[in-house]
Amino acid sequence: MATNAIDQTRRMLSLVTYLRERPGARVSDVARAFGISEDELIADLDVLPMCGTSFRGGDLLDIDTDGDRIWWHNPDDVAEPLRLAADEATALLVAARAVATLPGLREGDRQALLRATAKLEAAAGEAAGASSRLSVTFESEGGVFADVDRAIAERRRLWLRYYSPARDELTEREVDPIRLFAVGHTYVEAWCRLSEARRTFRLDRVAEIKLLDAPADPPPVELRDLSEGLVQPAAEDPEVVIEVGPGGRWVAEYYPHDSAEELPDGGLRITLRTPDPASLRRLALRLGRDGRIVAPQALADNARRAAGAALAAYGE
């Protein structure tokens, strides 16, 4: 079962209390108690030491494991209730009210958030008045995220109208969402019923989204390790060489590559690998005078013809 971001956050918050009350708990017992694998638990434990009441060393959670047992090293007062300054209370109230308006938020989560907001308003006193004069509106991606997160939690299929930059067109498709993740941008990995294959969709390219009543039923797939980035070329993928001028140096920052050699004019000679070299033709058109494909020759010729056709069409 895929875990969504909100469920993982809930689990990690519960882990803090659970581990604080059970110093030396066995990894296997904790994983069983939370219904997750030991690898998932270890991944959570790698994140928890970066959490705390502030970024000062003594205020961060001090939790470690030897692979068999988990140890809590913080003194008892690290979990004492926080005292919020007026500006902190204001920021929390404004953010909480904004999140409560997100479309697609599960009703139980919305009600819990509203109850917490009411308690915070009562505790903040006069500081709550300032927050009522402020508001935040989320960009459309926030609503898409909430709908996808809800679909994953409720195991429901999604209908998307999605912009494909490679084809410069909007397509409509039904997908069974698997997980949300962020690598520079936020994505949903899903089983696409249009292509009958696993696909990755960037949330800011979703033009329209609907939750369907049909249950999501993606086939079992092995989740990819994204620690090295979203695009991970294989050694056997074809090699492509691109030369860019100073205005095209950004290509080396956005595309995984084998090498980037400095050129006398301040540009770069970039060597990269891709399973689909033809997909780089669009990059060449975008670069214009700032870059060109050097090899393979067939791809270079194809890109030049495409650029010539584009110029001709522009001149008509």
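Summary of the structure given here. None of these values were measured; they are calculated from a predicted model.

About the criteria used
Residues numbered from 1 in each chain as written. Predicted model: local features only at pLDDT ≥ 70, side-chain atom pairs only at ≥ 80, totals over all residues. Heavy atoms only, no water. Helix = DSSP H or I, 4+ residues; strand = E, 2+ residues; numbered from the N terminus. Polar contact = N/O pair within 3.5 Å; in protein donor to acceptor, adjacent residues only side chain to side chain. Axes fitted to C-alpha atoms, helices over the stretch in contact; angles between N-to-C directions. Parallel < 35°, antiparallel > 145°, perpendicular 65-115°, else oblique. Contact = heavy atoms within 4.5 Å. Nonpolar A, V, L, I, M, F, W, Y, C, P; charged D, E, K, R; others polar. Core = buried A, V, L, I, M, F, W, Y, C linked by side-chain atoms within 4.5 Å. Buried < 20%, exposed > 50% of the residue type's maximum accessible area, 1.4 Å probe, protein only. Phe/Tyr/Trp six-rings, centres within 6.5 Å; stacked < 30°, edge-to-face > 60°. Lys NZ or Arg CZ within 6 Å of the ring centre and 35° of its normal. Pairing = 2+ DSSP bridges. Arc of directions from axis to C-beta. Salt bridge = Lys/Arg side-chain N within 4 Å of Asp/Glu carboxyl O.

With respect to the element layout, R202 can be found in strand β7 (residues 197–202). At 2.8 Å, the side chain of R202 forms a polar contact with the side chain of D204.

Between helix α2 (residues 27–34) and helix α3 (residues 38–47), the shortest axis-to-axis distance is 9 Å and the interhelical angle comes to 100°. Of the possible angle classes, the one that applies to α2 and α3 is roughly perpendicular. Contacts between α2 and α3 involve V27, S28, V30 and A31 on the former and, on the latter, E38, L41 and I42. Of the residues in the contact of α2 with α3, the class split is five nonpolar, one polar and one charged.

Across soluble globular proteins, nonpolar side chains have a tendency to be buried as a group. L19, V30, L41, L45, L48, I63 and I70 are the most contacted members of the largest nonpolar core, which totals 17 residues. Contributing elements (two or more residues each) for this core: α1 (5–20), α2, α3 and β3 (69–72). Broken down by element, this core gets its largest block of residues, five residues, from α1. Apart from the residues lying within four places of it in its own chain, the contact partners of I70 are L19, P23, G24, A25, V27, V30, L41, L45, I63, D64 and T65.

Summed over the entire model, instances satisfying the criterion amount to one aromatic pair. The aromatic ring of Y18 is capped on one face by R22, whose charged end is 3.9 Å from the ring centroid. Note that K210 overlies the ring of W159, its terminal NZ or CZ placed 4.8 Å from the centroid.

Let's shift gears to the pairing of strand β10 (residues 259–262). Each regular strand carries side chains that alternate between the two faces of the sheet. Inspection of the sheet shows β10 paired to strand β11 (residues 268–273) by four bridges, in the antiparallel sense. Its bridge partner lying in β11, S259 is registered against T271.

With respect to the element layout, H73 can be found in the loop between β3 and α4 (86–100). For the pair H73 and I63, spaced ten residues apart in sequence, the C-alpha separation works out to 6.2 Å. If we ignore the near neighbours within four places in the chain, the residues touching H73 are D62 and D64.

When α3 is considered as a whole, its buried residues turn out to be L41, D44 and L45. Summarising the axial view, the buried residues of α3 lie within an arc of 100°, below the 170-degree limit, and thus occupy one face. Turned more than 90 degrees from where α3 packs its buried face, D39 and D46 sit exposed.

Attention shifts here to unusual backbone geometry. Excluding glycine, residues mostly have negative phi values, and the peptide bonds linking residues are mostly trans. The residue after A295, namely P296, is reached through a cis peptide bond having omega 0°. Tracing the backbone shows P296 in the loop between β12 (291–295) and α10 (297–315). The phi dihedral of R155 is positive, around 55°, even though this residue is not glycine. Here R155 shows up in the loop between α7 (140–154) and β4 (156–164). By relative accessible area, R155 is classed as partly exposed at 49%. At E196, a position not held by glycine, the phi torsion is positive, near 50°.

Another point: the sheet that holds β12. Strands sit in the order β10-β11-β9-β12 across an open sheet of four strands; the sheet is antiparallel. Here the strands that pair on one side only, and so sit at the sheet edges, are β10 and β12. Each adjacent strand pair in this sheet contributes to an overall mean axis angle of 20°, direction not counted. Bridging between strand β9 (residues 239–244) and β11 involves six bridges; their strand directions are antiparallel. Pairing of I242 across the sheet is with I270, part of β11.

Our focus in this paragraph is the pattern of salt bridges. Inspection of the entire model under this criterion finds 20 salt bridges. E239 is the salt-bridge partner of R273, the closest N and O atoms lying 3.6 Å from each other. Separated by 34 residues along the polypeptide, R273 in strand β11 and E239 in strand β9 bring together distant segments of the chain. Here E243 makes a salt bridge to R292, at a shortest N to O gap of 3.2 Å. One end of the pair, E243, is in strand β9; the other, R292, is in strand β12, with 49 residues separating them in the sequence. What makes E243 buried here is its relative accessible area of 19%. Residue classification places R292 among the partly exposed positions, given a relative accessible area of 46%.

The quantities given are spatial measurements derived from coordinates; they are silent on function.
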